Number of protein chains: 4
Amino acid sequence: MPLNPDQLAEIQDLRSSPKQTVRAVSEGMEKHLYHAIDVLDHGFVRVIDYMGDDAAICQAARVSYGKGTKSVQNDEGLIRYLMRHWHSTPFEMCEIKLHVKLPVFVARQWIRHRTANVNEYSARYSILDREFYIPAPEHVNAQSVVNNQGRGEVLEGEEAARVLEILKADSNRAYDNYEAMISEEGQLGLARELARMNLPSNIYTQWYWKVDLHNLLHFLRLRADPHAQYEIRVYADAICQVVADWVPAAYKAFEDYRLGAVTMSAQMMVALRGLLKGEEVTAESCGMSAREWREFQDMIDA
Amino acid sequence: MPLNPDQLAEIQDLRSSPKQTVRAVSEGMEKHLYHAIDVLDHGFVRVIDYMGDDAAICQAARVSYGKGTKSVQNDEGLIRYLMRHWHSTPFEMCEIKLHVKLPVFVARQWIRHRTANVNEYSARYSILDREFYIPAPEHVNAQSVVNNQGRGEVLEGEEAARVLEILKADSNRAYDNYEAMISEEGQLGLARELARMNLPSNIYTQWYWKVDLHNLLHFLRLRADPHAQYEIRVYADAICQVVADWVPAAYKAFEDYRLGAVTMSAQMMVALRGLLKGEEVTAESCGMSAREWREFQDMIDA
Amino acid sequence: MPLNPDQLAEIQDLRSSPKQTVRAVSEGMEKHLYHAIDVLDHGFVRVIDYMGDDAAICQAARVSYGKGTKSVQNDEGLIRYLMRHWHSTPFEMCEIKLHVKLPVFVARQWIRHRTANVNEYSARYSILDREFYIPAPEHVNAQSVVNNQGRGEVLEGEEAARVLEILKADSNRAYDNYEAMISEEGQLGLARELARMNLPSNIYTQWYWKVDLHNLLHFLRLRADPHAQYEIRVYADAICQVVADWVPAAYKAFEDYRLGAVTMSAQMMVALRGLLKGEEVTAESCGMSAREWREFQDMIDA
Amino acid sequence: MPLNPDQLAEIQDLRSSPKQTVRAVSEGMEKHLYHAIDVLDHGFVRVIDYMGDDAAICQAARVSYGKGTKSVQNDEGLIRYLMRHWHSTPFEMCEIKLHVKLPVFVARQWIRHRTANVNEYSARYSILDREFYIPAPEHVNAQSVVNNQGRGEVLEGEEAARVLEILKADSNRAYDNYEAMISEEGQLGLARELARMNLPSNIYTQWYWKVDLHNLLHFLRLRADPHAQYEIRVYADAICQVVADWVPAAYKAFEDYRLGAVTMSAQMMVALRGLLKGEEVTAESCGMSAREWREFQDMIDA
């Protein structure tokens, strides 16, 4: 699904003919419109539309009549206060619509975030393109030995080569057979809704995805996290760039109070207050399991 | 909460300084921005922002790269097809944000529509204004004698006068006492979060309400319906005007396939097919209750 | 993932040791608990738990203190009234939890119904089994020539044989390679979260799916429909059996007012009223497109 | 709406005739069924139904076939792990249905939690009872002088007496007039949907409220918090008791990782690590505002 000349011309045309609006405009976001950010080998994230800006968050929080801003500084303070105290509804007043091209196995993780609107390319109706995600060699990792749900060291040498060879060969064979099954030359041709089942989940799909800022930040907190699978994390990282340009004050508050924040349990707080008073504390004395104690050490040492 | 000169100046300023955008712009909607539509005696509906237009619905349905429209005619046909066959996700790709001022008892019905974003004026934090809904005389009706959940004929003469007198007097007394309780003159002053409980539910509140087009149309179908309470129906009617200007093709399809449409049960379809063949049909012969039979007669006679 | 003897024993044990409860019990549903209904070649639907029954719908509609039922007959009438007039909240008061085993391409359609709770088997964490959906010969169809989004006649002879051969061979090769890549014999072994991308979407996954009755009926209306893809429709059909036993009155109302019902547009109602009066009506005279006129003819002839 | 003898007899009957089920049963919860917990002066919380228990959370997390538990100890560890790492979907697999009687101003806060099912007593259809919330003297507080959205010291003496007198008198007068307006003696009688607007928001309403455990815990975290308004907090506290009996392991994890937990911002973590190393840290050196610094001090001193 690379852009053909007609599509490029149409997009070029849209970009070069701005229109007038009396709505809130985010200058930082306007420059992203219609510009795809490349992700993985064939994917992208492209901003289609947006609603609101930092001031709109404050305007809603104040349920005000006019622009709702007293000063940029006041707005930043208010946004930080709202984020810190989990007042989520004002952040729901901003909305973004993205066009995303992504492998099916990434799409399957992504769609678990339910509070969003989605229109996906239909493989019942249309024919999928021959585009498969093949990881770059530096992202072909072994199963982690410490975390059942993650990857460990990078594969090297023959093993890595074998994996890449298998992924490429199987993708191409599956697609050859997909084409052969739906072909109407000399045969009726299998229904698309059936033929698609032969395709592996590294094939690319695409969708329009629309979500409010509060739910987007929740998505980013989980998916831009180091524990998220690399292949969805790179999409989250790309969207983080966009959000930072769209609503800079909200994004900064998000970095400080979510991405960079740490939640300590009741037991950890007991341990912490003990440490600050110079007391001796242990996992046992605070009621933590060995695993929690390790997590606690990581938090205060990091 | 009437607008003060500063607010009016600010709004005037926003309206008179349009900005450039490369987003989709709905000309019909731009003219609504910042113009309140009066509803009831002190209420209003005011468009704050919107995302998308008729073309955006089609663009998402086609998950296309560019403008996504081949022609206006094609777009209209596609939109009608989507509406007729309950393909709701493309309509979710448009979004609207309204500022609404409304009586509390109307707000309580409205908020039952859960798929929306809301920021309401906080009476814990702020002081409510002395503004109460007092119905116009032509909207003071008796309890319906045929429908437990509705109103019947208009009250007249002394009874009507008495009702209006009560509503006005009780509203004012409640507000006087609200003010007296929170006053800090010569006393500490009751907490606002407590004092508000003395106010009747015809007092006005206000909120920012943001919703996607699919869920908005669902709201309108239920609330612009003749069975909806008059006081919420007038808000729905006002929003219908806005939507007709915003996404004219989608609104026309909504009128044809939702507002003006009729759903017939399996039994009604049996009766209907019988009638069209000139057969004699009765409630019994088709398995309808007396009530369903009356509803069926109303549908085909209307 | 067929049941092993330990699992069978455990399930047998659960079934044979009923406990006492003072909650609402649906006798029709109790017999379904822990009994899988087979669907497709390796799939199933299994009721894990449920909340409520027909009486619970009425109890909530009446917001009553006790059982909330005056008589079974009253309850049926109330349920039919609620269904007919789209009063959906009482139906949300019943809940069901299912364990479903299904091919990934079916899961991808299913998950688009967002108002539900889901826990899916994790292929990041665990290894998938070698179980693939291979359609029965009578369900291998050609692409439809009248509907871009559907299937037409059954494939026969060599073409059908070729399709089945491809699906089987590609599934097995993909799984062989999946196993080879994750194997830790003589190599590190590829991370599971990466290896899974080689698997085609006819592989089986499984999940726990919990949903309220209102949203379940919406799912069934769309997925038990003749236009739904066969492979999801059979799951919907299986669940219809379960619901009919669980809440018989609600299910009957659903059949009459949803599954067997027909929605006519404003234009269709004009045509219909004309026909009933013996007038001549045409697509043009009623403002219908050729396509809508055909749909109208199908409705009244069916 | 106190229970009449018929209702009491019906409830007594339900309690004394347990039925058999093969579903998961929580013994701790069975004893709550049909027993109202009194809240405020006329309100209550009453468990109507529930689905699932601690084991059901683990069963879903493991997407297992049978009971899904290896041992109670294993289950507790898993539940703590899920809670600590924000794996919320397994907690959605439990569901509760409550009957709640509460003042309208509390209901207005409560309903802002959108992911729940609600059936409220209809004042369009039915007549409300003469039951108003009048705070106990120890809960009549002044507006807070440090927090715009809260209450300060308890009012005393004449001021307190005056407030209580106003609330009682206005409630009763409003209700007298409500009755007078809807009366059909010697007049038509005002429609109920209109008359209700004269009633203040301390009148009691009631509803059935159904919610999954994950969303319930979110509700409890916000509403059992010391910053929540007292009148909703007492409902949250009552529900906490119920949840502790229903799913003891999940509730304990909720106490440790939510209610008793503390979230520190990126800046606070810098300050904390400095303090633990014995360094001198200030608001400025860590990039905190004066307000954040105060909040930080409160966290580590508490």
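Position numbers for residues count from 1 along each chain, tracking the sequence in the order it is written. Lettering of chains starts at A and numbering of ligands starts at 1, both following the order in which they are written. Per-residue local features of the predicted model are confined to residues with pLDDT of at least 70, and side-chain atom pairs are confined, for both listing and counting, to 80 or more; whole-chain, interface and lining totals are unaffected and use all residues. For the side-chain quantities, the full set of heavy atoms in the structure was used; hydrogens and water were omitted.

As annotated in an unreviewed UniProt entry, chain A is Flavin-dependent thymidylate synthase from Shimia litoralis. Per UniProt, the comment on chain A under Function (unreviewed entry) is "Catalyzes the reductive methylation of 2'-deoxyuridine-5'-monophosphate (dUMP) to 2'-deoxythymidine-5'-monophosphate (dTMP) while utilizing 5,10-methylenetetrahydrofolate (mTHF) as the methyl donor, and NADPH and FADH(2) as the reductant." UniProt positions are given in the numbering used here, feature names are shortened, and annotations may be inferred rather than shown by experiment. The heading Sequence similarities (unreviewed entry) in the UniProt record of chain A holds the text "Belongs to the thymidylate synthase ThyX family."

Undergrad: Can you tell me about the relation of the copies chain B and chain A, naming the residues and giving the values?
TA: A least-squares fit on C-alpha atoms brings the copies together, and the residues used are those whose pLDDT is at least 70 in both copies. The two copies are related by a screw operation: chain B maps onto chain A through 180° of rotation and 0.0 Å of translation along the axis, at an RMSD of 0.0 Å. Expressed as an axis order, the relation between the two copies is that of a two-fold axis. Minimal C-alpha separation from the rotation axis in chain B is found for Q20 of chain B, amounting to 2.3 Å. Contact definition: two residues touch when any of their heavy atoms are within 4.5 Å. Of the interface residues in chain B, 100% have counterparts in chain A that sit at the interface too, so the contact is made through matching surfaces.

Undergrad: So, the interface of chain B and chain C: which residues are in play, and what are the values?
TA: Contacts between the two partners involve 33 residues from chain B and, on the opposite side, 34 residues from chain C. Accessible area that two parts lose when put together, evaluated with a 1.4 Å probe and summed over both, is termed the buried area. Considering only the surface of chain B that becomes buried against chain C, W86, R273 and L276 of chain B emerge as the three largest contributors, covering 17% of it. Salt-bridge detection follows one rule: a side-chain nitrogen of Lys or Arg within 4 Å of a carboxyl oxygen of Asp or Glu. Summed over the shared surface of chain B and chain C, the number is 6 salt bridges. We note a salt bridge from R80 of chain C to E292 of chain B, for which the minimum N-O separation is 4.0 Å. Pairing of N or O atoms within 3.5 Å defines a polar contact, subject to two protein rules: one partner must be a possible hydrogen donor and the other a possible acceptor, and residues neighboring in sequence count only if both atoms are side-chain atoms. For the interface between chain B and chain C, the tally reads 17 residue pairs in polar contact (both at pLDDT 80 or more). No other element matches the 7 residues that helix 11 (residues 266-276) of chain B contributes to the side of chain B that touches chain C. What counts as a helix is a DSSP run of H or I of at least four residues, what counts as a strand is a run of E of at least two, and both are numbered from the N terminus.

Undergrad: Break down the pattern of salt bridges for me, citing the residues and quoting the values.
TA: Taken as a whole, this structure holds 74 salt bridges over all chains when the rule is applied. For E193 of chain D, the salt bridge identified is with R151 of chain B, shortest N-O distance 2.5 Å. With E193 of chain D in helix 7 (residues 192-195) and R151 of chain B in strand 7 (residues 151-154), this pair bridges two chains. Only protein chains enter the accessibility calculation, which uses a 1.4 Å probe; a residue whose area is less than 20% of its type maximum is buried, one above 50% is exposed, and one in between is partly exposed. Residue E193 of chain D is classed as buried on the basis of its relative accessible area of 2%. A salt bridge links R124 of chain C to E193 of chain C; the shortest N-O distance between them is 2.8 Å. With R124 of chain C in the loop between strand 5 (117-120) and strand 6 (141-143) and E193 of chain C in helix 7 (residues 192-195), the pair connects residues that are 69 residues apart, well separated along the chain.

Undergrad: A description of the environment of E131 of chain C should follow, citing residues and the corresponding values.
TA: Turning to its location among the elements, E131 of chain C is positioned in the loop between strand 5 and strand 6. Residue class for E131 of chain C comes out buried when judged on its relative accessible area of 11%.

Undergrad: Break down the UniProt feature "binding site: dUMP" (unreviewed entry) in chain A for me, citing the residues and quoting the values.
TA: Feature annotation in UniProt assigns "binding site: dUMP" (unreviewed entry) to the following positions: Q109, W110, I111, R112, E120, Y121, S122, A123, R124, R196 and R223 of chain A. These residues run over 115 residues, and the two farthest C-alpha atoms among them are 29.1 Å apart, placing them at more than one spot. Here R112 of chain A lies in the loop between helix 5 (104-110) and strand 5 (117-120). Judged by its relative accessible area of 21%, R112 of chain A is partly exposed. When near neighbours in sequence (up to four residues on either side) are disregarded, R112 of chain A contacts I111 and V118 of chain C together with T89 of chain D. If you trace the backbone, E120 of chain A turns up in strand 5. In contact with E120 of chain A, not counting residues within four places along its chain, are T205, Q206 and W207 of chain A, V63 of chain B together with R108 of chain C.

Undergrad: For unusual backbone geometry, give the residues involved together with the corresponding values.
TA: Phi is positive for W86 of chain C, close to 55°, though the residue is something other than glycine. By the secondary structure assignment, W86 of chain C is in the loop between helix 4 (72-84) and strand 4 (95-103). Overall, W86 of chain C belongs to the partly exposed group, its relative accessible area being 30%. Positive phi is not limited to glycine here, since L40 of chain D has a value of about 55°. Look at L40 of chain D and you get partly exposed, because its relative accessible area is 23%.

Undergrad: Which residues make up the sheet that holds strand 3 (residues 43-51) of chain C, and what values go with them?
TA: Note: strands within a sheet are paired through backbone hydrogen bonds, in either parallel or antiparallel orientation. Residue and element names in this part refer to chain C. With antiparallel pairing, 5 strands are arranged side by side in an open sheet as 2-3-4-8-5. The outermost strands of the open sheet, each flanked by one partner alone, are strand 2 (37-39) and strand 5. On average, each strand axis in the sheet is tilted by 25° relative to the strand beside it, whichever way the strands run. Of the pairings in the sheet, the one linking strand 2 to strand 3 comprises 3 bridges and is antiparallel in character. Opposite D38, over in strand 3, you have F44 as the bridge partner. Seen against the sheet, helix 9 (residues 230-246) touches strand 2, strand 3, strand 4 and strand 8 (204-212) and runs at an angle of roughly 155° to strand 4. At least two bridges found by DSSP between two strands is the condition for calling them paired. Helix axes use the C-alpha atoms of the stretch in contact, all axes being lines fitted to C-alpha atoms, and the angles between their N-to-C directions lie in the range 0 to 180 degrees.

Undergrad: Tell me about the sheet that holds strand 3 (residues 43-51) of chain D, residues and numbers included.
TA: Residue and element names in this part refer to chain D. Read from one edge of the open sheet, 5 strands run 2-3-4-8-5, paired in antiparallel fashion. Looking at strand neighbours, the two that pair on one side only are strand 2 (37-39) and strand 5 (117-120), the edges of this open sheet. When strand polarity is set aside, the average angle formed by the axes of neighbouring strands in this sheet is 25°.

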